[in-house]
Amino acid sequence: MDNATYSNMPLSQAGPPAGSTSTAAGFNGTSSYVQLPDLGLGSFSSQTMSLWVKTATATAGVLFSSSDMPVQAMATEGDLTPSSYVGTDGKLKGPFW
């Protein structure tokens, strides 16, 4: 099992779909994150990612990314490859390649 670590996020928030007993994690948009172990993302020709996203505003931000460095150690944007994010226009972007 691939265990993730998380920081600055409450668990057991209302999740999808409406009326369901499913729960979700809450992110504050600035310091909340989930860090997965090395999953070898570059080693496979096919990959799947699933997210349920509900935003309160059209604030831009990264939803899923990969990096060769831990989140805390990243000094520049060049170390980060955002795979899914909300753009400054409030629209979901997903430049998988």
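Residues numbered from 1 in each chain as written. Predicted model: local features only at pLDDT ≥ 70, side-chain atom pairs only at ≥ 80, totals over all residues. Heavy atoms only, no water.

Engineer: Just checking my understanding: could you explain the overall build of the protein for this structure?
Structural biologist: Within the protein, the regular secondary structure consists of zero helices and seven strands. Ordered by position from the N terminus, the helices and strands of the protein form the series β-β-β-β-β-β-β. Taken across its 97 residues, the protein has 12% of its residues classed as buried. (Helix = DSSP H or I, 4+ residues; strand = E, 2+ residues; numbered from the N terminus. Buried < 20%, exposed > 50% of the residue type's maximum accessible area, 1.4 Å probe, protein only.)

Engineer: Just to check I follow, could you spell out the pattern of salt bridges for this structure?
Structural biologist: Between side chains of opposite charge, a pair can form as their charged atoms come close. Counting across every chain of the model gives one salt bridge. Taking the shortest distance from any N to any O, the salt bridge between Lys93 and Asp89 comes out at 3.0 Å. (Salt bridge = Lys/Arg side-chain N within 4 Å of Asp/Glu carboxyl O.)

Engineer: Help me out: how do you make sense of the environment of Ser20 in this one?
Structural biologist: Position of Ser20 among the secondary structure elements: in the loop between strand 2 (13–14) and strand 3 (23–24). What makes Ser20 partly exposed here is its relative accessible area of 29%. Here the side chain of Ser20 touches Ser22 through a polar contact of 2.9 Å, landing on its backbone nitrogen. (Polar contact = N/O pair within 3.5 Å; in protein donor to acceptor, adjacent residues only side chain to side chain.)

Engineer: How do you make sense of unusual backbone geometry when you look at a structure like this?
Structural biologist: Backbone geometry follows two general trends: most residues other than glycine have a negative phi, and most peptide bonds adopt the trans configuration. Of note in the backbone geometry, Asn8 takes a positive phi value of approximately 55° without being a glycine. Overall, the relative accessible area of 47% leaves Asn8 in the partly exposed class. In this structure, Ser12 takes a positive phi of about 65° despite not being glycine. One can find Ser12 in the loop between strand 1 (5–7) and strand 2. Under the relative-accessibility criterion, Ser12 is labelled exposed at 56%.

Engineer: Would you mind showing me how to read the environment of Ser7 here?
Structural biologist: Of note, Ser7 is situated in strand 1. Each C-alpha atom, one on Ser7 and one on Val34, is 6.6 Å from the other, the two residues being 27 residues apart in sequence. A polar contact of 3.5 Å, which involves the side chain of Ser7, links it to the side chain of Asn8.

Engineer: Honestly, the environment of Asp38 in this entry has me stumped. Any pointers?
Structural biologist: Within the secondary structure layout, Asp38 lies in the loop between strand 4 (33–35) and strand 5 (61–67). When the C-alpha positions of Asp38 and Ser66 are compared, they lie 9.4 Å apart, and in sequence the two are 28 residues distant.

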